[in-house]
2 protein chains.
Amino acid sequence: MRKISILGATGSIGSQALSIVDAYPNKFSISALSAHSNAEELFSLVRKYRPSAAALTLGEVPIPKDLSFCSWYFGETALEKIARDIPSDDVLVSVVGMSALKAVINAIDTGKRVLLANKETIVAGGSVIMPKCDLFSENANLIPIDSEHSAIHQCLLGAKDNAFNSLILTASGGPFRNYSIKEMQNVRPEDALKHPIWDMGKKITIDSASMFNKALEIIEAKWLFAAKPSQIDVLVHPESIVHSMVEYKDYAVVAQLGVPDMRTSIMYAMFYPVRMGAVSERLNLSDIHTLHFEKPNTMCFPSISLAYEALRLGGSAPCALNAANEVAVQAFLDGKIGFLNMADTVKYLLSKDLPKAENADEIIYADSWARFKATEYIHSIN
Amino acid sequence: MRKISILGATGSIGSQALSIVDAYPNKFSISALSAHSNAEELFSLVRKYRPSAAALTLGEVPIPKDLSFCSWYFGETALEKIARDIPSDDVLVSVVGMSALKAVINAIDTGKRVLLANKETIVAGGSVIMPKCDLFSENANLIPIDSEHSAIHQCLLGAKDNAFNSLILTASGGPFRNYSIKEMQNVRPEDALKHPIWDMGKKITIDSASMFNKALEIIEAKWLFAAKPSQIDVLVHPESIVHSMVEYKDYAVVAQLGVPDMRTSIMYAMFYPVRMGAVSERLNLSDIHTLHFEKPNTMCFPSISLAYEALRLGGSAPCALNAANEVAVQAFLDGKIGFLNMADTVKYLLSKDLPKAENADEIIYADSWARFKATEYIHSIN
């Protein structure tokens, strides 16, 4: 039985991870659970799974008496403490944002395995995290959960070092795949929040519509798989059945396919290197019948080019891209800026002299700095 | 530098293997070359590659004086002698038919690695060959070259034992994919010999049109990958870009894709476990744009069901299926029987009391017996 901590237990990925724990009750015991603000749901999870620690990252609330069996942590530093101090084999990190950076580093540094569903930490902190990580051996200490990176991980199993020629990230293309630039300019938040395939939070839904999620994934892929930027391609695939691909040096392409269901990637990470019986539906390609592939329209989706630009700049540029995008998404959702202004905000940031990002504290500073500058820029264009 | 023998050097696979030797001149030296009847071409290959042995399996011919540096073998037993006696790291077996069975067994028994492009030996002799074989370790001694089985091999790299749920063989569906039973009955040899994708010999082209090639591949897959018949599926995929797939226990599907070019599978086998730089074209999925998948029409293609029936019967039934099909293909090409009579011939054989097939000699006997019975049957329906 493996001990697992689930940071972000009340979110979409966290809940699905718990559903896998439920499906395999003899395989896991829960070491720790966290939520940001949803205290009631966290209480009920703590009652059910009886972890030795629990955290609410928004801040302190009164804890029901029957839940005093577990150690409670509150506030911003809760996750990094839990990741360091609470014994666990695995730490599943499904909280959003940079708040997970120190938690990821602490978990790795204390010999735990991180199952990572948080993009920001690798995008901004890849240079700090990756030298500590092994993704493929029996003792792997970092397994990606993002469906694209999980797919690439699966396609690279058994590959010799550096045997790949390129990594091909597939993208649904989002709801505006066939829009003109003019139509893109007029996209409103309510248009963007109808995403066809996955059930996701608002931030991720907007990122999917702007393809900034793919921009983040390009940067993630660079760090996770030690790829050069020129080795990473994006291919639009509206059906979202092929979750990503690896092209090897001999031009053989290996792809991972499945119904769009995050539980497959979560389960893959939780049980790696063993494959367990499915909790999701079986792929039936003859029913689906047709799969489409096309190049992304980089005119309408400047996010893709901005990712390569951030990688070219290096240092804190990927961190700035991520931070500026987060600020811009919120401004777009609040009706303050237009859809394409999100990319403008990121572009503006990448044109600045950027701070260093050589350790966790510098990365966190660069993140705050970029948020501040992005907010300033958004004010200036209003 | 690895020493390689190429049995069937003047055929399609053999020539392509030699083109890879040419592309990587410092990687291979040629130990032996064989041809069936094309003496002139074999002479010129022997002049070029200077092997230590050469063979013409049709029978003895006068050897030019300048080629006396190499040991010559003639007739039916040439290949089994070369496979046993000529030192070599690899023996690429691209001759067609059962004549390769003893060569494959001898190569394996003398510690050589077999790169196998011959379907019949595994179909008929799987039970004898496979207990001696390792397909995946660094010391693998059998690597399939058939594009479907090469694809499955690539999709299984790094997999734990028995982690797959099913093997999905893709099939182009051949030129009669959308025909009715009535149209199938009226197919003439010249209709069948126009295959859209691969440039192949007549026998393989007819097998592709009748889907008996897929029937043979189902049986091969059972032996090569220790799959149960219920774990093997066939999916029609007219573009022939996805070369086959593996469904894992967690319903993750891993597929191998590429432009239809046998050199990729040949090179994969020749360099396994290393991937070398491509000699074929790069796959461009956005140019191809659309991939289709559908169930095979088992009414019009009884070959598929006959493969499962042969596996159910076991013993020499797969050998009988292969032998009867070979006889029937020739009779069809000679205008003696109709297109669907090929399947009738196989079905007739599978209804008989079949001989044992527990060693190489029994398999060779069962093969001759089935050819005799198939010929008898074809006479009876004329």
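In this numbering scheme, every chain counts its residues from 1 along its sequence in written order. As a convention, the first chain written is A and the first ligand written is 1, with the rest following in written order. Only residues with pLDDT of at least 70 are given local features in this predicted model, and only at 80 or more are side-chain atom pairs given and counted; all residues enter the totals for whole chains, interfaces and linings. With hydrogens and water set aside, each side-chain value is computed from the structure's full complement of heavy atoms.

## As for the relation of the copies chain A and chain B
Item 1. The atoms used to superpose the copies are C-alpha atoms, taken from residues with pLDDT of at least 70 in both, and the fit is least squares. Here chain A sits on chain B after a turn of 180° about the axis and a move of 0.0 Å along it, with an RMSD of 0.0 Å. In the structure described here, the two chain copies are related by an operation that fits a two-fold rotation axis. For chain A, the smallest separation between a C-alpha atom and the rotation axis is recorded for G158 of chain A, amounting to 1.9 Å.
Item 2. Throughout, a residue-residue contact means that at least one pair of heavy atoms, one from each residue, lies within 4.5 Å. Taken as a fraction of all interface residues of chain A, those also at the interface in chain B reach 100%, which identifies the copy contact as same-surface.

## Considering the pattern of salt bridges
All names here are of chain A.
Item 1. Here, a salt bridge means any side-chain nitrogen of Lys or Arg that lies within 4 Å of a carboxyl oxygen of Asp or Glu. Here the structure, examined in full by the defined rule, presents 48 salt bridges over all chains.
Item 2. Linking K102 and D361 is a salt bridge whose minimum nitrogen-to-oxygen distance equals 2.8 Å. Pair noted here: K102 is in helix α4 (residues 101–109) and D361 is in helix α16 (residues 360–380), with a separation of 259 residues, a long-range link.
Item 3. Among the salt bridges present, the one from K373 reaches E376, with a minimum N-O distance of 3.7 Å. You can see K373 and its partner E376 sitting in helix α16, three residues apart, about one turn around the helix.
Item 4. A single network of salt bridges, built from pairs that share partners, joins K119, D146, E148, K214 and E217. For helices the rule is a DSSP run of H or I covering at least 4 residues; for strands it is a run of E covering at least 2, with both sets numbered from the N terminus onward.

## Describing the sheet that holds strand β6 (residues 113–116) of chain B
Residues and elements named next belong to chain B.
Item 1. One requirement defines pairing of two strands: DSSP has to find at least two bridges between them. Ordered by their spatial adjacency, seven strands build an open sheet running β4-β3-β2-β1-β5-β6-β7, and the pairing between neighbours is parallel. Two strands in the sheet have a free side with no partner beyond their single neighbour: β4 (71–74) and β7 (142–144). The mean angle between the axes of side-by-side strands here comes to 20°, regardless of whether they run parallel or antiparallel.
Item 2. Strand direction decides the pairing type here: strand β5 (residues 90–93) and β6, joined by four bridges, are parallel. Residue L92 lies in a different strand from β6, and its bridge partner there is L115. All axes here are fitted lines through C-alpha atoms, helices being fitted over the stretch that makes contact, and every angle between N-to-C directions spans 0 to 180 degrees.

## Focus on the confidence of the model for chain A
Item 1. Note on scores: pLDDT gives the predictor's confidence for each residue, bounded by 0 and 100. Per-residue pLDDT for chain A has a mean of 95; in total, 98% of the residues score no lower than 70.
Item 2. Confidence metrics for the complex model read pTM 0.96 and ipTM 0.96.

## Observations regarding helix α1 (residues 12–23) of chain A
Spacing of three or four residues puts side chains on the same side of an α-helix, whose turn is 3.6 residues.
Residue and element names in this part refer to chain A.
Item 1. Each helix should span, by expectation, one fewer than its residue count multiplied by 1.5 Å. Helix length check: α1, at twelve residues, gives a terminal C-alpha distance of 17 Å against a target of 16 Å (1.5 Å per residue), a fit within 8%.
Item 2. Here α1 has its buried residues at I13, G14, Q16, A17, L18, I20 and V21.
Item 3. The inward-facing, buried residues of α1 abut β1 (2–7), β2 (28–35), α2 (39–49), β5 (90–93) and α11 (262–271). Partly exposed describes any residue whose relative accessible area lies between the buried limit of under 20% and the exposed limit of over 50%, with all areas from a 1.4 Å probe on protein chains only and scaled to the type maximum.

## Some words on unusual backbone geometry
Item 1. A cis amide bond links Y272 of chain A to the next residue, P273 of chain A, at an omega of 5°.
Item 2. Within the secondary structure, P273 of chain A is located in the loop between α11 and α12 (285–288).
Item 3. You will see that H289 of chain A, though not glycine, has its phi angle at about 70°, which is positive.
Item 4. With respect to the helices, strands and loops of the structure, H289 of chain A is situated in the loop between α12 and β12 (290–292).
Item 5. The residue R50 of chain B is not glycine, and still its phi comes out positive at about 50°.

## A closer look at the packing of aromatic side chains
All names here are of chain A.
Item 1. Pairs were defined over the aromatic rings of Phe, Tyr and Trp, the Trp ring being its six-membered one, requiring ring centres within 6.5 Å. Orientation was assigned from the angle between planes: stacked under 30 degrees, edge-to-face over 60, tilted for the rest. This structure, assessed with the given rule, holds 20 aromatic pairs over all chains.
Item 2. Centroid distance F332 to F339: 5.4 Å. Interplanar angle 75°. Geometry classified as edge-to-face. An identical accessibility class is assigned to F332 and F339; each is buried.
Item 3. Chaining the aromatic ring pairs together yields one cluster made of F176, Y179, F332 and F339.
Item 4. Note on criteria: charge over ring means Lys NZ or Arg CZ within 6 Å of the ring centre, with the direction from the centre no more than 35 degrees off the ring normal. Sitting over the face of the ring of F69, R50 holds its NZ or CZ atom 4.0 Å from the ring centroid.
Item 5. Against the face of W223 rests K222, its NZ or CZ located 4.7 Å from the ring centre.

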